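Commentary on secondary and tertiary structure
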Amino acid sequence: MGRQRFNKLVLIGFMGTGKSTVSRLLSEQLGWKRIDGDEEIERLEGRTISDIFAADGEAGFRAIETKVLEALLKDEAPAIIATGGGAVLSEYNRELMLNHACVVALKANPEQIIARVKSDTSRPLLQGNAAERVHLLLEQRKNAYDFANLTVDTTGMTADEVVAAILLEWSAFR
Ligand code: S3P
């Protein structure tokens, strides 16, 4: 299939790889609106991600996540969409993303991820020993982000540098 000129960039990547920060900067630079999938879920559901996990379990959360992702991707307006780290686990979601957007994966080494997420209490999958949880989930999701159209390893980079790298790769991709 030929490359399409999508009017959406979807950021995927493990928790703590900088998707939210980078999506803000990209949105400013491109003048496209920024949507954060998790924020959208919380707004539509009127409850936090933690509350959804506690009441409906991970499976319940994933069902809502797919519904919201689908609506965001099918919207016509140009947008930068930051997804939750587990949105890539479903084949259906991966197909949706590839069919409607240029998919950009952000990577970072485990140390950097742990430093970013260790004091965070809002991520249900990292409660307990955050470092252990990160290592385990990174192992389980080893190849989960490989389907992206573009990948940027953000380790040691500033958010501005990551944005510049994405825009450069993206111009070549288009
Ligand atoms: C999750 C990542 C979170 C959030 C939820 C589950 C995951 O988003 O969607 O806690 O499974 O990796 P961030 O990647 O924005 O932290």
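Scroll up for the structure.
Residues numbered from 1 in each chain as written. Predicted model: local features only at pLDDT ≥ 70, side-chain atom pairs only at ≥ 80, totals over all residues. Heavy atoms only, no water.

Thoughts on the sheet that holds strand S1 (residues 8–13)
Read from one edge of the open sheet, five strands run S2-S3-S1-S4-S5, paired in parallel fashion. Where the open sheet ends on each side, the last strands, each with one partner, are strand S2 (33–36) and strand S5 (150–153). Put simply, the sheet's adjacent strands are angled 20° from each other on average, direction ignored. Bridging between strand S4 (residues 102–107) and S5 involves four bridges; their strand directions are parallel. (Pairing = 2+ DSSP bridges. Helix = DSSP H or I, 4+ residues; strand = E, 2+ residues; numbered from the N terminus. Axes fitted to C-alpha atoms, helices over the stretch in contact; angles between N-to-C directions.)

Digging into the packing of aromatic side chains
Note on aromatic pairs: each is described by the distance of the centres and the angle between the planes. One pass over the structure, following the stated rule, counts two aromatic pairs. Between Trp32 and Trp170, the ring centres sit 5.6 Å apart and the planes meet at 85°, which makes this aromatic pair edge-to-face. On the criterion of sequence distance, the pair formed by Trp32 in the loop between helix H1 (19–30) and S2 and Trp170 in helix H7 (residues 159–173) is long-range, its members being 138 residues apart. (Phe/Tyr/Trp six-rings, centres within 6.5 Å; stacked < 30°, edge-to-face > 60°.)

Re the packing of helix H2 (residues 37–45) against helix H3 (residues 49–74)
Closest axis-to-axis distance for the H2/H3 pair is 9 Å, and the angle between their directions is 110°. Between H2 and H3, the angle falls in the class roughly perpendicular. Of the residues in H3, those in contact with Gly37, Asp38, Glu40, Ile41, Glu42, Leu44 and Glu45 of H2 are Ile49, Ile52, Phe61, Ile64, Glu65, Lys67, Val68 and Leu72. (Parallel < 35°, antiparallel > 145°, perpendicular 65-115°, else oblique. Contact = heavy atoms within 4.5 Å.)

Quick word on the site of the ligand
Taken together, 13 residues are adjacent to the ligand, and Lys19, Asp38, Arg62, Arg123 and Arg141 come closest. In the model, an oxygen atom of the ligand is placed 2.8 Å from a nitrogen or oxygen of the Asp38 side chain. Note that an oxygen atom of the ligand is positioned 2.8 Å from one of the backbone N or O atoms of Gly85. Protein burial of the ligand: of its 390 Å² of free accessible surface, 94% is covered by the chains. Tallying contributions element by element places H3 first for the shell around the ligand, with three residues. Looking at the shell around the ligand residue by residue, the classes come out as five nonpolar, three polar and five charged. (Near = heavy atom within 4 Å. Polar contact = N/O pair within 3.5 Å; in protein donor to acceptor, adjacent residues only side chain to side chain. Areas by Shrake-Rupley, 256 points an atom, 1.4 Å probe, with all protein chains shown as cover. Nonpolar A, V, L, I, M, F, W, Y, C, P; charged D, E, K, R; others polar.)

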